[in-house]
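# Fold and contact review
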Amino acid sequence: MQFRWSSIALLAALSWDVEGMQIKRDVPRDQLQYDVNYFDQKINHFRDDQKLAKSNLGNGTFKQRYYFDNTYYKPGGPVYLYISGETSGPSRFSNLQNGIIQILMEATNGLGVILENRYYGESYPFSTSTTDELLFLSTNQTIADNAYFAEHAVFPGINGSLTAPDTPWILYGGSLAGAQTALSIKVHGDVLYGGIAASAPIKVSVGYPEWYNPIQKYAPQDCVTRINKIVDNFDLLVSKNQTKAIDEFKALFGLESLTDHRDFAAAIADPIGNPGFYHSNTWQELNWNSTYGSRDFFYFCGNVSDIDAPEDITQVDYALANYTNGEPWVGLGGYANYVKTYTLPLCPTGDYNSSDCWGTQNASAWASIENTSTRSYLYTSCVEQGAYIDAPKEGPALLSRVVDTSYEQQWCTWAFAPGKYNSIPSTPDIDAYNDFGAFNLSADRLAFIDGDQDVWLDLCYHSNLAPARPVSSDLHPEYLITGSGHHWDSYGILDVEAEPQFIREAHLWETKTVKKWLKSFGDWKKSKKL
C-alpha cells in the first residue's frame, strides 16, 4: 500500500561521524533522507538445487539496495534489520525516521538498516521479469538474502565490522516481511540473533475469505448488515440469471461497462477491500496515527448507513424492490452514490473496464514482463503464497459470492507463460510455504505481535484458527494488541509515552523484549564458540 507522508516539526537529532563525534542535524528527524548503498547479492543461494541449476541465469550477483541510520549508534550496539517486503526501500524510511526501528535504536544504541527485497524497488536481478527470470524469487532465496547480507554488510563511516554473528542482528518486518522475518530466524538462527514478526502470515491457504471477518465483526453494524443484505440480493439475481435486473443494478453504480460479474463485485467492494488491486483507502488502511492512515472506510460506511440521506438517495433503495417482493434494498442509494462520487474518480482513465481500473479480463495486459512490484507480488502469490481473497461460501458476505479463487488464479495463467526452466503450478504450492512450521512455527528469540482487528489475522500467529498457544516467554514472546490493525506497532511519533495506551504498551513490550535478548548475547556467542 502507499501512504502520503507528512512532516511534523521536531527537535534535531544527533548522529555519530567516523570518529564517533556527535554532530547536530538541521533536518527534523521525520524528514531525514538516507543515502543509497549497494550490496552484491547472490542471484541464487542454492547452487545444488537441481531445478535451479538447470538455468544459467542464476550465476553471478545483482545490486541490492540498502539504507542505514547510525544516529543513535554507539560501538557495541546491535544492528536492526528492517525487512522492506513488497515495496521499495525508500517507502520504508519512516521506520528509521520515527517508527519501530527508531524506537529500538534509541533504546539500545543500535544502528538501523533497511534492505530492499529482491525483485522490488530497484533491486532486480534482471532488466525484465519473465517467468524464467522470476525463478529466483522465492521465500527461501529472500530469507537467504537476509542472512548473507548480515554476514557481509558494510556501513560506510562506521569503524570496524558490524557483521553477524559477531554483532547481534535483530530483524523486524510487518505483513509479508513479517513472515520473512520469522522464517529468517527459523532457518538462519545461527547467524541472525532475533526477530520481531508483526502481522506475519505464517500459515497460508489458497483462498482467504477470512480477510473480511474483522470488518464483519468490528465495523459499524448498521453499515455491515446493509451491505450483507445488498450482496445477498445481488447474488440471488445472479443465481436466477436475472440479466435485466443485474444490468439495472450495475447502472446504479455507474458500472454497467463491467460485463464480468466478478469485476463488478470487486469494483463495488473497493471501499471495503477487494481481491484485486483496490484504489480506495480501506479497512486495512486505518491506523492509530493519522499521518499514515485514512478514515475513508468510516466515511463510506457513514454513507451506506445514513438515516438522514436526501430523498433522491433513499428512493434508490426501491429501484430493484420489484425483484425482492417489494422489499427495499436498504442502504443501496447511499452505497451507490458513494461509489459514483468517490470511488469511480479514482480510476485514472475513466475507462472502468480497463486494466488500469477494475477490468481484469484482458489477458494480454497481464503478460507484460516489465519489472513491477505488482508482478513480483502476484508471482509469489501464484507460486507459493496463495491467500487469494474470495467470498465466504456460507454466512454473511461483504463481497459477492461470484468471486472465488478461480478469479485470481486466471491472472496467474495469463501473467506467467511457461518458460524454458520455470512454470507456475496450476494452484499455489502452499505446502512449500507452510512446511516451515505454519501455526507451529517457532524459534528462539522470535517474537510474534499481531492486531486483533487486522484483516490478515487468521493467517498469523494469533489466528482464530490456530491451536491453543503456550505461555509467552522471553525466548518465545508473543503479544496480541487489542484494537489494532495491520502491523500498527511499526508506526511511531518520536514520543512513546505520548502514544495511545494500546500502542505505547506494545512498544514498551518490544523494547523490553529486545533488551532481554541483548543481555544474553554474550552467552549465545560463547555457545556458538564465536
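Basis of the calculations
Residues numbered from 1 in each chain as written. Predicted model: local features only at pLDDT ≥ 70, side-chain atom pairs only at ≥ 80, totals over all residues. Heavy atoms only, no water. Helix = DSSP H or I, 4+ residues; strand = E, 2+ residues; numbered from the N terminus. Rg over C-alpha atoms; globule rule 2.2 N^0.38 Å. Buried < 20%, exposed > 50% of the residue type's maximum accessible area, 1.4 Å probe, protein only. Contact = heavy atoms within 4.5 Å. Axes fitted to C-alpha atoms, helices over the stretch in contact; angles between N-to-C directions. Parallel < 35°, antiparallel > 145°, perpendicular 65-115°, else oblique. Left-handed = near helix turned anticlockwise from the far one by under 90°. Pairing = 2+ DSSP bridges. pLDDT = per-residue confidence, 0-100. Nonpolar A, V, L, I, M, F, W, Y, C, P; charged D, E, K, R; others polar. Phe/Tyr/Trp six-rings, centres within 6.5 Å; stacked < 30°, edge-to-face > 60°. Core = buried A, V, L, I, M, F, W, Y, C linked by side-chain atoms within 4.5 Å.

Here we take up the overall build of the chain. When helices and strands are tallied, the chain shows 18 helices and 10 strands. Taken over C-alpha atoms, the radius of gyration comes to 24 Å for the chain, in line with the 24 Å a tight globule of 530 residues would show. Dimensions of the chain, computed from the C-alpha atoms along their principal axes, are close to 80 × 55 × 45 Å. The proportion of buried residues among the 530 residues of the chain is 56%. At a minimum sequence separation of 6, the contacts of the chain that also span at least 24 residues come to 74%.

Contact pair helix 7 (residues 221-239) / helix 10 (residues 296-304): the axes reach a minimum separation of 9 Å and the direction vectors enclose 70°. The orientation of helix 7 with respect to helix 10, classified from their angle, is roughly perpendicular. Between helix 7 and helix 10 the crossing geometry is left-handed. Side by side, helix 7 and helix 10 meet where Cys 223, Arg 226 and Ile 227 of the first sit next to Phe 300, Cys 301 and Val 304 of the second.

Quick look at the sheet that holds strand 9 (residues 446-451) now. Working definition: the strands of a sheet are paired by backbone hydrogen bonds and lie parallel or antiparallel to each other. An order of 3-4-6-5-7-8-9-10 is seen for the 8 strands of this open sheet, with the pairing classed as mixed. The open sheet has two free edges, formed respectively by strand 3 (37-42) and strand 10 (478-481), since each of these has just one partner strand. Across the sheet, the axes of successive neighbouring strands diverge by a mean angle of 25°, strand direction being ignored. In this sheet, strand 6 (residues 111-115) lies alongside strand 5 (residues 79-83) in parallel orientation, the contact comprising 5 bridges. Residue Leu 81 lies in a different strand from strand 6, and its bridge partner there is Val 113. Contacts between helix 4 (residues 139-152) and the sheet are confined to strand 3, strand 4 (61-69), strand 5, strand 6 and strand 7 (169-174), with strand 3 contributing the most and set at about 120° to the helix.

The subject of this paragraph is unusual backbone geometry. Note the cis peptide between Ala 164 and Pro 165, where omega equals 5°. The residue Pro 165 is located in the loop between helix 4 and strand 7 in this model. Phi is positive for Tyr 119, which is not a glycine, with a value near 70°. Note that Tyr 119 resides in the loop between strand 6 and helix 4.

Across the chain, the average pLDDT comes to 94, with 95% of residues at or above 70. Below a pLDDT of 50 lies the segment residues 1-25, which in the model reaches 53 contacts outside its immediate sequence neighbourhood of four places, other chains included.

On to the packing of helix 8 (residues 243-252) against helix 9 (residues 261-268). Relative to each other, helix 8 and helix 9 sit at 35°, their axes nearing to 11 Å. Judged by the sense of rotation from one axis to the other, the crossing of helix 8 with helix 9 is left-handed. Packed against helix 8, whose contacting residues are Ile 246, Phe 249 and Lys 250, the element helix 9 presents His 261, Phe 264 and Ile 268 at the interface. For the contact of helix 8 with helix 9, the class distribution of residues is 4 nonpolar, 1 polar and 1 charged.

The subject of this paragraph is the packing of aromatic side chains. Any aromatic ring pair is given by two values, namely how distant the centres are and how the planes are angled relative to each other. On inspection of all chains with the given rule, the structure shows 41 aromatic pairs. Here Trp 211 and Tyr 212 contribute two aromatic rings whose centre-to-centre distance is 5.0 Å and whose plane-to-plane angle is 70°, an arrangement assigned as edge-to-face. Here Trp 211 and Tyr 212 have matching classes, each one buried. On the numbers, 6.3 Å between centres and 45° between planes, the contact of Phe 277 with Trp 366 is tilted. With Phe 277 in the loop between helix 9 and helix 10 and Trp 366 in helix 13 (residues 363-366), this residue pair connects regions lying 89 residues apart in the sequence. Given a relative accessible area of 15%, Trp 366 falls into the buried group. Connected via pairs of aromatic rings, a cluster forms that spans Phe 234, Phe 249, Phe 253, Phe 264, Trp 283, Phe 297, Phe 298, Phe 300, Trp 329, Tyr 335, Tyr 338 and Tyr 342.

Of all the residues in helix 15 (residues 405-415), the buried ones are Tyr 407, Glu 408, Gln 409, Gln 410, Trp 411, Cys 412 and Ala 415. Where helix 15 is buried, its residues touch helix 9, helix 13 and helix 14 (373-385).

Mapped onto the secondary structure, Tyr 172 falls in strand 7. It is 33 Å that separates the C-alpha atoms of Tyr 172 and Leu 399, two residues lying 227 residues apart in sequence.

By size, the foremost hydrophobic cluster in this structure holds 82 residues, and its most contacted members are Ile 215, Ile 227, Phe 249, Phe 253, Leu 255 and Tyr 335. When contributions to this core are tallied by element, the ones reaching two or more residues are helix 7, helix 8, helix 9, helix 10, helix 12 (332-343), helix 14 and helix 15. Per element, the largest residue contribution to this core is 7 residues, and it comes from helix 7. Apart from residues lying up to four places away in sequence, Ile 215 is in contact with Val 224, Ile 272, Trp 283, Phe 297, Leu 398 and Val 455. Core analysis: the next-biggest nonpolar cluster, separate from the first, contains 43 residues, Ile 83, Phe 155, Val 204 and Phe 448 among them.

With respect to the secondary-structure elements, Phe 436 resides in the loop between helix 16 (430-434) and strand 9. On the basis of relative accessible area, Phe 436 is assigned to the buried category, the value being 14%. Distance from Phe 436 to Ser 406, taken between C-alpha atoms, is 26 Å for residues 30 residues apart in sequence. Non-local contacts of Phe 436, meaning those with residues more than four positions away in its chain, are made with Thr 139, Asn 140, Ile 143, Leu 183, Lys 186, Val 187 and Leu 441.

For the rest of this paragraph, the subject is helix 12. When we look at burial in helix 12, the residues that qualify are Leu 332, Gly 333, Gly 334, Tyr 335, Ala 336, Tyr 338, Val 339 and Thr 343. Its buried side turned inward, helix 12 meets helix 7, helix 8, helix 9, helix 10 and helix 11 (311-314).

This brings us to the pairing of strand 4. Remember that side chains alternate between the two faces of the sheet whenever the strand is regular. Counting buried residues along strand 4, 7 of its 9 residues qualify, which places the element largely inside the surrounding structure. Two elements, strand 3 and strand 4, share 6 bridges in a ladder whose sense is antiparallel. In the strand pairing of strand 4, Gln 41 is matched with Phe 62. One ladder, built from 4 bridges, connects strand 4 with strand 6; its direction is antiparallel. Its bridge partner being in strand 6, Phe 68 is matched across the sheet by Val 113.

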